[in-house]
Amino acid sequence: MKNIYMFALSLLHKQNCPPSSEDIRAVQCSSYNNQPFMGRLYKWEPFNEVPGGQHCELNCRAIGFRFYVRQSDRVIDGTPCGQNETHLCVAGRCT
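Residues numbered from 1 in each chain as written. Predicted model: local features only at pLDDT ≥ 70, side-chain atom pairs only at ≥ 80, totals over all residues. Heavy atoms only, no water.

Under an unreviewed UniProt entry, the name given to the protein chain is Thrombospondin type-1 domain-containing protein 4, and the organism recorded is Xenoophorus captivus.

Listed below in structure tokens is the structure:
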């Protein structure tokens, strides 16, 4: 089973997304747009300026505001660890 998992991961590393593809972190952050936070709704965008140990958490900034929130302790598996990054997050860890 582990060999199949590693093969699938190697395929993920080799596939390039078309330039018009939407940023996966932006999609994940925007999924919180209709959920109240501290009693109001915000529109969310990725916040990437976090320490290395937090690269596989879903940190989102409220658009037009000066704060960010950890919306989830882990991003969806296969999300790049950072911008222009070839490593991927799997089970909350950068691999």
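Things to note about the pattern of salt bridges
Scanning the model with the defined rule gives two salt bridges in all. Of the charged contacts, one joins Arg70 and Glu57 as a salt bridge, the two residues approaching to 3.6 Å between their closest N and O atoms. In this pair, Arg70 is assigned in strand β3 (residues 68-72) and Glu57 in the loop between β1 (44-46) and β2 (58-62), connecting sequence segments 13 residues apart. Glu57 gets classed as buried once you look at its relative accessible area, which sits at 15%. (Salt bridge = Lys/Arg side-chain N within 4 Å of Asp/Glu carboxyl O. Helix = DSSP H or I, 4+ residues; strand = E, 2+ residues; numbered from the N terminus. Buried < 20%, exposed > 50% of the residue type's maximum accessible area, 1.4 Å probe, protein only.)

A closer look at the packing of aromatic side chains
Across all of its chains, the model carries nine aromatic pairs by this definition. Centre to centre, the rings of Tyr42 and Phe67 are 5.3 Å apart; their planes meet at 85°, and the pair counts as edge-to-face. Separated by 25 residues along the polypeptide, Tyr42 in the loop between α2 (24-30) and β1 and Phe67 in the loop between β2 and β3 bring together distant segments of the chain. Tyr42 gets classed as buried once you look at its relative accessible area, which sits at 11%. Consider the rings of Trp44 and Phe67, whose centres lie 6.1 Å apart with planes at 80°: the pair is edge-to-face. Residue Trp44 is found in strand β1, and its partner Phe67 is found in the loop between β2 and β3; the two are separated by 23 residues along the sequence. Taking relative accessible area as the criterion, Trp44 reaches 3% and is therefore assigned buried. (Phe/Tyr/Trp six-rings, centres within 6.5 Å; stacked < 30°, edge-to-face > 60°.)

Considering the side chain of Thr79
Tracing the backbone shows Thr79 in the loop between β3 and β4 (89-90). Apart from residues lying up to four places away in sequence, Thr79 is in contact with Ile24, Arg25, Gln28, Leu88 and Cys89. (Contact = heavy atoms within 4.5 Å.)

Quick word on the state of the cysteines
One pass over the structure, following the stated rule, counts three disulfides. Disulfide pairing is shown between Cys81 and Cys94; the S-S distance is 2.0 Å. Between Cys81 and Cys94 the sulfur-sulfur dihedral comes to about 115°; the bridge is accordingly right-handed. In this pair, Cys81 is assigned in the loop between β3 and β4 and Cys94 in strand β5 (residues 93-94), connecting sequence segments 13 residues apart. Of the residues examined, Cys81 reaches a relative accessible area of 2% and is grouped as buried. Counting only the cysteines that take part in disulfides, in the order they occur along the protein chain, gives the pairing 1-3, 2-5, 4-6. (Disulfide = S-S within 2.5 Å.)

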